[in-house]
Amino acid sequence: MKKIKSSLLFKLSLPVIVLGSLLMLAVTLEFSHQSRQTLERESSLITDNISETLVIAAEADSAPSKLTRIVRALAERNNVAHILVIEQASGQIVADNHSQHIGSHVTKILPSSQFQLYIDFTSSGKLSNHQLNSRGSFHHAKIKLADTNTQILRPYDVFIELKDTSAFKSANMALRNIYLICTAGILIIAFGTYLTQKRILIRPMEALTEALREQKKTGTTGLLEYKNRDELGTLVTSYNSL
C-alpha cells in the first residue's frame, strides 16, 4: 500500500479521478433533482385535481356511502392506489376507495411510515403537501365538506397514495441508468488516466531509470536517449550536458 501511495502514477491520477468523480456525482444529483421535481409536479396535478373534484362532487351529498363511491371513481379514473377521506376532528375515516376501513381510526390502518407523513402534514398547517420517497408517492390535502344534515362546512384530510405509474417507472429507470452511466464514466476516466500517464510519463521514466542502472552496473557513462521536448526531455538534456 505504501508503494502505491508513493507512486508518481497514483499521485498524478488521483486528482483527475477525484475531480471526475465529483463531476459525475454533481451531474447525477442534478438529474435526480430535476427528475424528482418533474414527478412531484405531475403528481401534484393529479392529486390536486382529485381533491378539487371531490369537493365539487360532494357538495350535494357528503354522506360516507356517497363519498366512498366518489373516491372509488376518482381512484379508478386517475390510476390511484388509495384514497382516504379523514375527519380532522376525530381522525375517523369516512371514505375509502377500497371500502375496507370506513369508520376506523387513521392510526389503525396506516403503516407507521405513512402515518408519520400524515402527522407531519397535519401539524404543518399547510393546505396540501406532497411526499415522494422510496416507498411511493403520497399526497395530503385539507378540504372542507358540507355536513349532510346541518350544511355546515367541516374540515377533512384527504390522503392519496399514487400507483407506480409508467411515468414513475420511466423516471426511476432513467435514474438507475444515469447512476450506471456515471459509475461507468468514473471507471473509464480512471482507467484512461492510468493508461495515458503510464504511456506518456511512467514508461519513459522507467526506461531512463533502467538506462542509469545499466550504466552504474557496467561502470560506463553515456548519453541518455529521450526524443520528446517536454519537461522530462529538458531533464534528460540537462543530465547529458553534465
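Predicted model, so just to flag it, every value in this text is computed and none were measured. Every chain's residues receive numbers from 1 upward, in the order its sequence appears when written. With pLDDT at 70 or above as the cut-off, local features in this predicted model cover only qualifying residues; side-chain atom pairs require 80 or more to be listed or tallied, and sums for whole chains, interfaces and linings still use all residues. Side-chain measures here rest on the full set of heavy atoms in the structure, leaving out hydrogens and waters.

Before going further, it helps to spend a moment on the overall build of the chain. Each helix and strand counted, the chain has 7 helices and 5 strands in total. Along the chain, helices and strands appear, N-terminal first, in the series α-α-α-β-β-α-α-β-β-β-α-α. For the chain, with 242 residues in total, the buried portion stands at 32%. Put simply, 51% of the contacts in the chain that link residues at least 6 apart link residues at least 24 apart. Of the roughly 15300 Å² that the chain leaves accessible, carbon and sulfur atoms contribute 59%. Where helices and strands are cited, they refer to DSSP runs of H or I of at least four residues and of E of at least two residues respectively, numbered from the N terminus. Burial here depends on accessible area, computed with a 1.4 Å probe over protein chains only, as a share of the maximum for the residue type. Under 20% is buried, over 50% is exposed, and the range in between is partly exposed. Residues count as neighbours in contact if any of their non-hydrogen atoms are within 4.5 Å of one another. Areas reported here follow the Shrake-Rupley algorithm with a probe of radius 1.4 Å; residue values treat only the protein chains shown as occluding.

Turning our attention to the side chain of Asn78. Of note, Asn78 is situated in helix 3 (residues 64-78). Judged by its relative accessible area of 19%, Asn78 is buried.

This next bit is on the pairing of strand 2 (residues 93-96). Only strands that DSSP links by at least two bridges are regarded as paired with each other. Note: strand 1 (residues 80-87) against strand 2, 3 bridges, orientation antiparallel. Along strand 2, the bridge assignment pairs Val85 with Ala95. Between strand 1 and strand 2, which pair antiparallel one after the other, the connecting turn spans 5 residues, and Gly91 there sits at a positive phi close to 75°.

Let's shift gears to helix 7 (residues 231-240). Among the residues of helix 7, those classed as buried are Leu232, Gly233 and Val236. The buried side chains of helix 7 occupy one side of the element, clustering within an arc of 100° when seen end-on. Exposed side chains of helix 7 directed beyond 90 degrees from the buried face belong to Glu231, Leu235 and Thr237. Directions are taken from the helix axis to each C-beta atom, and the arc is the one they span.

The next point concerns the nonpolar core. Only buried Ala, Val, Leu, Ile, Met, Phe, Trp, Tyr and Cys residues count toward a nonpolar core, and they belong to the same one when joined by side-chain atoms within 4.5 Å. Of all hydrophobic cores here, the largest spans 19 residues; its most connected members are Leu54, Leu67, Val80, Ile83, Val85, Leu145 and Ile160. Elements that contribute at least two residues to this core include exactly helix 2 (8-57), helix 3, strand 1, strand 2, strand 4 (136-146) and strand 5 (153-162). Counting residues in hydrophobic clusters, the runner-up holds 10 residues, among them Ile93, Leu117, Phe138 and Phe159.

Relative to the helices and strands, Lys66 resides in helix 3. A relative accessible area of 27% means that Lys66 is categorised as partly exposed. Between the C-alpha atom of Lys66 and that of Ala95, which follows or precedes it by 29 residues, the distance is 8.5 Å.

A few words on the pairing of strand 1. Taken across its 8 residues, strand 1 has 6 buried, putting it largely inside the fold. Summarising the sheet, strand 1 and strand 5 pair through 7 bridges and their orientation is antiparallel. Within the sheet, the bridge partner assigned to Leu84 lies in strand 5 and is Phe159.

Bringing the side chain of His82 into the picture now. Relative to the assigned elements, His82 resides in strand 1. Taking the relative accessible area as the measure of exposure, His82 reaches 12% and is therefore buried. A polar atom in the side chain of His82 sits 3.0 Å from the side chain of Asp96. Pairs of N or O atoms within 3.5 Å make up the polar contacts considered here, provided that, within protein, one atom can donate a hydrogen while the other can accept it, and that residues adjacent in sequence are counted only when both atoms are side-chain atoms.

It is worth spelling out the environment of Val80 at this point. Along the chain, the position of Val80 falls in strand 1. Distance in space between the C-alpha atoms of Val80 and Ile50 is 9.7 Å, their sequence separation being 30 residues. When neighbours within four sequence positions are excluded, Val80 is seen to be in contact with Ile46, Ile50, Ala75, Asn97, Ile160, Glu161, Leu162 and Lys163.

Attention now moves to unusual backbone geometry. Despite not being glycine, Ser99 has its phi angle at roughly 55°, a positive value. Mapped onto the fold, Ser99 is located in the loop between strand 2 and helix 4 (106-109).

The next subject is a nonpolar patch on the surface. A patch consists of residues exposed above 30% relative accessible area that lack any salt bridge, with like charges linked at up to 9 Å and nonpolar side chains (Val, Leu, Ile, Met, Phe, Trp, Tyr) linked at up to 5 Å. Take a side-chain nitrogen of Lys or Arg and a carboxyl oxygen of Asp or Glu: if they are within 4 Å of each other, that pair is a salt bridge. A cluster of nonpolar side chains, Leu14, Val18, Leu19, Leu22, Leu25 and Leu29, forms an exposed patch at the surface whose accessible area comes to about 560 Å². If you trace the backbone, Leu25 turns up in helix 2.

Any segment with low pLDDT has predicted coordinates that should not be analysed in fine detail. Looking at any residue, its pLDDT shows the predictor's confidence there, from 0 to 100. Across the chain, the average pLDDT comes to 76, with 86% of residues at 70 or higher. Of all secondary-structure elements in the chain, the lowest mean pLDDT belongs to helix 1 (residues 2-6), at 46, while strand 2 reaches the highest, 88. Contacts from residues 1-6, a stretch scored under 50 in pLDDT, to residues over four places away or in other chains number 4 contacts.

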